[in-house]
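Structural overview
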Amino acid sequence: MELPIYHIDTFTDKIFAGNPAGVCLLSEWLPDEVMQSIAAENHLPATSFVISKDEKHEIRWFSPSEEEPLCGHGSLAAAYVLLRWIYPWLDEITFESKSGPITIRKQQDAYLINLPAHPAFPADMPEGIELGLGVEPRQLLKNDKFYLAILESEKQVRQLKPNLYKLDGLGLRRIVVTAPGDRTDFVSRYFKTQGLIQEDPVTGSAHCMLMPYWARRLNKNRLQAQQVSQRGGSLICELKQDRVMIKAQAIAYSQGTLTI
C-alpha cells in the first residue's frame, strides 16, 4: 500500500523552525497500531491522519508514543496540505475530531485556527516542585491535560532546564511553563516527562489553556504569544467566549510516499 505523506513546519514561515508535523492522507482508517507505527517511524511531534469524503474531513493525531486528543499544529499542517494541494479552490476546512469540530480558514499568507478553550484551575503545589522545575513557580494550575506553572519572567522560562525524572515522580507529566514576555504578551514552553519527545517546539493545544489565563490576567482578549523552545514559534491568539482563535503560518518541507 502506498500513501501520500507531507512534512510541514507550522507556526513559522521558515523551514527548520516552528513545530513539524507529518500529514498522511487516507481513504479509510488504518488499524490504530499501524497509524501509531507510522507516527513512531516519522519521529515528528505529531503525525495527522486525514480522511476526506463528500466534503467531510476527519482527523486524528498521533505522537511517536500515543494518540493525542487534540493537536493544534497537526491540524494546521493538515489544513495547509488540503487547502494548498487537494482543494486549492477552498478557503476553509472543518475537521471532525474527537475534540469536536476544528475550523481553519486561510487568510492571505496565514491561517486562522478555531480551537476549543480549555481553561486551567488552581492546583496544589507538590512538595519538591522546585527540584523538578529548577525554580519555584508563583502559581500552579491544571486542566485535564496539562499542568500550568506560572513563572516571573521570560528569562526564567528561557533558561529552564527541568529534571524530567523528578517531575514525573511528582505526577507532573505534561507541564507548560509561562511568564510575561519581554516583547510579546507572554511566552511559554511545554515539557513531557514520558514519550520520545520531551519538549514540544510549539503547542497549539497548550494555548487553549494559556489564552484564558492570560486574557484574564492582562484584561484583553487578543494577545501575541511566543513559545521559546529551541526551534521557537510565534502565534497571534484571540479568546472568543469558549473558543481560541490562533493565527499562524506554515511552510512545506517535503512531500513523498509511504509504502507499508
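This section reports on the structure supplied with the text. (Residues numbered from 1 in each chain as written. Predicted model: local features only at pLDDT ≥ 70, side-chain atom pairs only at ≥ 80, totals over all residues. Heavy atoms only, no water.)

1. Concerning helix H2 (residues 72–86)
Heads up, the rule is: For helices the rule is a DSSP run of H or I covering at least 4 residues; for strands it is a run of E covering at least 2, with both sets numbered from the N terminus onward. Working rule for helices: expected span equals 1.5 Å times residues minus one. Burial classes follow relative accessibility: with a 1.4 Å probe on protein chains only, a residue under 20% of its type's maximum area counts as buried, one over 50% as exposed, and anything between as partly exposed.
Counted at 1.5 Å a residue, the expected span for H2 with its 15 residues is 21 Å, and the 20 Å between its end C-alpha atoms agrees. Taken across its 15 residues, H2 has twelve buried, putting it largely inside the fold. Among the residues making up H2, those that are buried are Gly72, His73, Gly74, Ser75, Leu76, Ala77, Ala78, Ala79, Tyr80, Val81, Leu82 and Leu83.

2. A few points about a nonpolar patch on the surface
Note the cut-off: For patches, a residue must show more than 30% relative accessible area and have no salt bridge; joins then use 9 Å for like charges and 5 Å for nonpolar side chains, namely Val, Leu, Ile, Met, Phe, Trp and Tyr. Here the accessible surface of atoms and residues is derived via Shrake-Rupley with a 1.4 Å probe, and residues count as covered only by protein chains that are part of the display. The term salt bridge refers to a side-chain nitrogen of Lys or Arg lying within 4 Å of a carboxyl oxygen of Asp or Glu.
On the surface, Ile15, Phe16 and Tyr253 cluster together to form a nonpolar patch covering roughly 320 Å² of accessible area. Structurally, isoleucine 15 is set in the loop between strand S1 (2–10) and strand S2 (19–26). Taking the relative accessible area as the measure of exposure, isoleucine 15 reaches 33% and is therefore partly exposed.

3. Observations regarding the environment of proline 119
Stated formally: In what follows, a contact means two residues having at least one pair of non-hydrogen atoms within 4.5 Å.
Secondary-structure assignment places proline 119 in the loop between strand S8 (110–116) and strand S9 (121–122). Taking relative accessible area as the criterion, proline 119 reaches 32% and is therefore assigned partly exposed. For proline 119 and alanine 39, which are 80 residues apart along the polypeptide, the C-alpha to C-alpha distance reads 28 Å. Apart from residues no more than four positions distant in its own chain, proline 119 is found in contact with Asn143, Cys208 and Pro212.

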